[in-house]
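Results of the structural survey
Now for the letters of each chain:
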Amino acid sequence: MFHRLAFLISFLLLKASLTSAQDSTAVYFKTGSHKISAYSQKTLETLFTNLDYTNLIEIKFIGYSDSIGNIESNQKLSERRAKAVSKATKGYVSSGISIITESKGELPRKVDSLSRRVDIIFRYSNFSEINEKDTIIIQPDDPRCFFIDQYFEAYSNAKIKVNKKKNVVYLQVLNYPEFSSRKYYYVKNPSQKNAVAQRVNFKLETTGKLWWREKRLTATAPKDSYDKYGLFYLENPPCEGCKEQLFKKDTNVFSGTSINDDHFIMSVTQLKAKLFRPNMLQIRIPKEFMEENESYYAVKELWDGGTKREKLSWETKRGKKRADYFYSKIRIKGVRSVSIASPQRTSYCRGRGGEPGLGYHGLPCGFKDGSPFPGEFFFTPGIHAFYHNDTVTAFVSAGVGYELKQHELAVNMGINHRLGLYYSGYYHFNFLNFSTMTNRMLDPWQKLGNSRFTTRIKVYAGPEFRSSYNKKYRSFSELNVHLGFSVAWNNGLNYYIQGGIARDLSNRINTGFYPYIQAGIRFRLNL
């Protein structure tokens, strides 16, 4: 009863004071527990449903415990409580609002029940303070580092609009915390002595139509400034990467373009594959976000470890439901995954950068990616069984192999069910090799982010040499030529069946040619 009364009083006080710069409420817990009660859960839902999110910039969850028990366990308990409340309210808060969890451990009080709580602190922006800091002057001797965020283009879509008879760039950006929380600027007025920069104020708006209608960050910037300088952010020294000298009037910080994954376009790209055309993938992209004459590429990661880039050509289709898209096709024979890329501006030195959700790690100047060795080495443990000469033999083995395009070579060693030594080596030519997608048989349009090449199907042929040695049973040294079929999943699991004609070179089992068949399960780990 006390917990309900305390939470209700906090909730009413918060509702009555939403105009202040910072408000707070609290959630209370039972002794030694971090489980939110049903009453507190319902009250949290009511609070966050009716909360005014206008100008809300930060929510902080601070966990406490009473002094019962040892200090270390109480510290961990307070942390679990803070995370539990934060998780319970996650679905109500947009990604543009900063979420912070803290654990303070023991909070000794005369009434222990008041210590077993999580404080929820809401912090709102002070507009007069922010507006004063929206414009900054960058001096030539400014110690801060100015980084052009070239990766911003990969997660945004830019369209030219006319605003008050001036051309502006209207930006739509994927709603990631890295973009909404970081302070971005554009150059407003460069000169020989300094540069006046204006902060980009993002708004969270619902843009698009049909299935691609969703909440995105939006902003505008002068076209001339965006074309020449892009957007940048600042870091206090010491900083890594390449510092851009924005205060020089004739500086052009971009030296060229590079073809990189276009994450914004991929977020609105749909795929479709047909059952009887396994090596062809259809794609469509809403016209709203692109132009037919823009250059886009399909970047294909191959199963042999290489990559291949293919320029896409677009077409339009008649019909009310088809008129909103541009269509193209991609060949996916031997392809593990597909991404869509486009030419994006880049600095001479790559400097800082990274993908949202992974952190902005930064890459050193001159960094080169990719292995100089073609193909893939792999390790394959497995369980197998084969039938020949009226005998079934089961064995477990492990091996190493190498695959390059349609060619595969491997050696294996193991033990059979009679505790005899087994070893083999084979060569496969994969004359049919393709990947399938989820729901291929249903023939749907799938968003690229939700589509997976779930299975890899191969039909192969080749020779194999294998031998078995056992003192009690007949050993053999066999050479066979076989045809096989295998299905592999992305997790490395592989089922196969193969069969053909064999000959015992040692003449210990049979002196002529004989048929054989083999099946098994392998697990492939790329090295």
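Quick caveat, the model's predicted, so the values are computed rather than measured.

1. Looking at the overall build of the protein
Looking only at helices and strands, the protein features seven helices and 30 strands. Taken as a whole, the protein presents about 28,200 Å² of accessible surface, with 55% of it coming from carbon and sulfur.

2. Some details on the side chain of His482
In this structure, His482 sits in strand S27 (residues 476-489). Only 3.5 Å separates the side chain of His482 from the side chain of Tyr516, close enough to count as a polar contact. Filtering out sequence-adjacent residues up to four positions away, His482 remains in contact with His428, Tyr460, Ala461, Gly462, Pro463, Glu464, Gln498, Gly499, Gly500 and Tyr516.

3. Examining a positive patch on the surface
On the surface, a cluster of positive charge is contributed by Lys274, Arg277, Lys329 and Arg331. Relative to the elements of secondary structure, Arg331 occurs in strand S19 (residues 325-331).

4. A closer look at the pairing of strand S23 (residues 407-416)
Relative to S23, strand S22 (residues 391-404) runs antiparallel, the two being bridged by ten bridges. Looking at S23, one finds that Val396 is bridged to Ile415. Count of turn residues in the S22/S23 antiparallel hairpin: two residues, of which Lys405 carries a positive phi of about 55°. Relative to strand S24 (residues 421-436), S23 runs antiparallel, the two sharing nine bridges.

5. A short note on the environment of Lys183
With respect to the helices and strands, Lys183 occurs in the loop between helix H5 (177-181) and strand S9 (185-190). On the basis of relative accessibility, which here comes to 43%, the residue Lys183 falls in the partly exposed class. Separated by 16 residues in the primary sequence, Lys183 and Arg199 have C-alpha atoms spaced 6.8 Å apart. Residues in contact with Lys183, not counting those within four places in the same chain, are Arg199, Phe232 and Tyr233.

6. As for the packing of aromatic side chains
Within this structure, the stated rule accounts for 23 aromatic pairs. Aromatic pair Tyr184 and Tyr233: ring centres 6.2 Å apart, planes at 80°, arrangement edge-to-face. With Tyr184 in the loop between H5 and S9 and Tyr233 in strand S13 (residues 232-235), this residue pair connects regions lying 49 residues apart in the sequence. Side by side, Tyr184 and Tyr233 carry an identical accessibility label, which is buried. For Arg117, the ring lying beneath its charged end belongs to Tyr64, and the centroid distance is 4.9 Å. Between the NZ or CZ atom of Arg284 and the centre of the ring of Tyr325, over which it lies, the distance is 4.1 Å.

7. Digging into the sheet that holds S19
Taken in spatial order, the four strands of this open sheet run S19-S16-S15-S25, and their pairing is antiparallel. Here the strands that pair on one side only, and so sit at the sheet edges, are S19 and strand S25 (446-447). When strand S15 (residues 270-274) meets strand S16 (residues 277-286), the two strands line up antiparallel, connected through five bridges. Bridging across to S16, Ala273 finds its partner in Leu281.

8. Description of unusual backbone geometry
The residue Leu210 is not glycine, and still its phi comes out positive at about 55°. Tracing the backbone shows Leu210 in the loop between strand S11 (203-207) and strand S12 (214-222). Exposure remark for Leu210: the relative accessible area of 53% places this residue in the exposed category. For Leu419, which is not glycine, the phi torsion reads 65° and is therefore positive.

9. What to know about the side chain of Gln498
Note on placement: Gln498 falls in strand S28 (residues 493-504). Side-chain polar atoms of Gln498 contact the side chain of Tyr460, separated by 2.7 Å. If we skip the residues at most four places from it in the chain, Gln498 touches His428, Tyr460, Glu464, His482, Leu483, Gly484, Tyr516, Ile517 and Gln518.

Conventions used here
Residues numbered from 1 in each chain as written. Predicted model: local features only at pLDDT ≥ 70, side-chain atom pairs only at ≥ 80, totals over all residues. Heavy atoms only, no water. Helix = DSSP H or I, 4+ residues; strand = E, 2+ residues; numbered from the N terminus. Areas by Shrake-Rupley, 256 points an atom, 1.4 Å probe, with all protein chains shown as cover. Polar contact = N/O pair within 3.5 Å; in protein donor to acceptor, adjacent residues only side chain to side chain. Contact = heavy atoms within 4.5 Å. Patch = residues over 30% accessible without salt bridge, like charges linked within 9 Å, V, L, I, M, F, W, Y side chains within 5 Å. Salt bridge = Lys/Arg side-chain N within 4 Å of Asp/Glu carboxyl O. Lys, Arg positive; Asp, Glu negative; His and termini not counted. Charge placed at Lys NZ, Arg CZ, Asp CG, Glu CD. Pairing = 2+ DSSP bridges. Buried < 20%, exposed > 50% of the residue type's maximum accessible area, 1.4 Å probe, protein only. Phe/Tyr/Trp six-rings, centres within 6.5 Å; stacked < 30°, edge-to-face > 60°. Lys NZ or Arg CZ within 6 Å of the ring centre and 35° of its normal.

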